[in-house]
Amino acid sequence: MQVQTRVDVFESIFQVFLALGTLVGVVVIAYTLYNAYKYRDTDDAKADDSLPTLGELPTGGEGGKKLFLSFGISAIIVISLVIWTYGMLLYVEDPQDDFEEEPVDIEVVGQGFAWSFEYENGAVERGTMTVPEDHPVAIQVTSGDVWHTFGISDLRVKADAIPGEYDETWFIADDADAEHEIECFELCGDQHTQMDGTVEVLPEDEFETWLDERFNLEISFEDPEGEPINETGPLTLELVHQENDEFDEDLAYSYTEEDFDNDTITIEDIEQGGEYDLVIEFEEEEFETIEDELSITSPSSETYTLGEEDEEDEENDENNEDEANGEEADEGNEEGGED
């Protein structure tokens, strides 16, 4: 079964209502014009039992059979239309059984007049939602401050963003390389009109590549003067997810000096975003161990300063401290002399 997009569903409903409305309008207007011509006022009036009488309800001819038939057909059409439309809207509400592939899950948060998008693997993007072509996307919408309403007009998507609650919906974008505008449909504050974003549609293979590259982390070293350090000697780097025990895969990564290029490393093995503990140990006593906490949700880079300040800088710092202490002592003596 071909999975319909939300656009397909609402286009179908619109076209059916338009076709039936046009058909009914043509029949009614034609029948009205026919009767207007048939029973027009002429000087040569003829006796006719079917001729309508002013102030009386028409019988419809043949004992009211025509009237009964018209009401019966109308009822059947309206009831069938209601049932069919209700079924289509049920599909829009919950089409999960018709999906041949697992949807891409994205959590949408509206806050501070901007939209952020968190993917199932922990990747976070702001302003732009990237999705695969012809693949179902399931979104859970919430707010971090006030009421908003997440909407994509082109894709017929609308969901309330309410603090502390989640509104679920879905969509399928079937046009690769297309962009769709994201809007807020709830008057939420002074910058309501600037609370927008973009849906970027990629072919599925490009989307997978894009998602894998969200966690690239580059680490490099520099000296206190800001110059790159290209030789640190043997070292080990440990990167461990703070919630490692909650995942099936082991989110702990180890690297040595051999993995560095001019004491710079680009880590591409990370599979899950989140908070990580970083420890870098140097065998040379010249450099101290680095311990840090990193939030890895998008491509990022970190530069760490190694080594101590020059002796000249240290002497300047000491002189500054001595001058400050001397000024405090002078102030104290002046106060004592006044007493």
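Residues numbered from 1 in each chain as written. Predicted model: local features only at pLDDT ≥ 70, side-chain atom pairs only at ≥ 80, totals over all residues. Heavy atoms only, no water.

**Focus on the sheet that holds strand β15 (residues 274-282)**
Here is step 1: Judged by pairing direction, the sheet is antiparallel, and its 4 strands sit side by side in the order β13-β12-β15-β16 without closing on themselves. A single partner strand is all that each edge strand has here, and the edge strands are β13 (252-256) and β16 (290-296). Sheet twist, expressed as the mean angle between neighbouring strand axes with direction ignored, is 15 degrees. (Pairing = 2+ DSSP bridges. Helix = DSSP H or I, 4+ residues; strand = E, 2+ residues; numbered from the N terminus. Axes fitted to C-alpha atoms, helices over the stretch in contact; angles between N-to-C directions.)

**So, the packing of aromatic side chains**
Here is step 1: Considering all chains together, one arrives at 10 aromatic pairs under this definition.
Here is step 2: Judged by centre distance (5.9 Å) and plane angle (25 degrees), the rings of Phe207 and Trp210 are stacked. One end of the pair is Phe207 and the other is Trp210, both in helix α3 (residues 204-212) and 3 residues apart, which spans about a single turn.
Here is step 3: The class for Trp210 is buried, based on a relative accessible area of 14%.
Here is step 4: Clustering of aromatic rings is evident, with ring pairs tying together Phe221, Phe260, Phe282 and Phe287.
Here is step 5: The ring of Trp170 is capped by Arg6, whose NZ or CZ atom sits 5.8 Å from the centre of that ring. (Phe/Tyr/Trp six-rings, centres within 6.5 Å; stacked < 30°, edge-to-face > 60°. Buried < 20%, exposed > 50% of the residue type's maximum accessible area, 1.4 Å probe, protein only. Lys NZ or Arg CZ within 6 Å of the ring centre and 35° of its normal.)

**With respect to the nonpolar core**
Here is step 1: Within the largest apolar cluster, 55 residues are counted, with the highest numbers of intra-cluster contacts made by Met129, Phe150, Phe221 and Leu239.
Here is step 2: Core analysis: the second largest hydrophobic core is formed by 8 residues, Val9, Ile13, Met88 and Phe99 among them. (Core = buried A, V, L, I, M, F, W, Y, C linked by side-chain atoms within 4.5 Å.)

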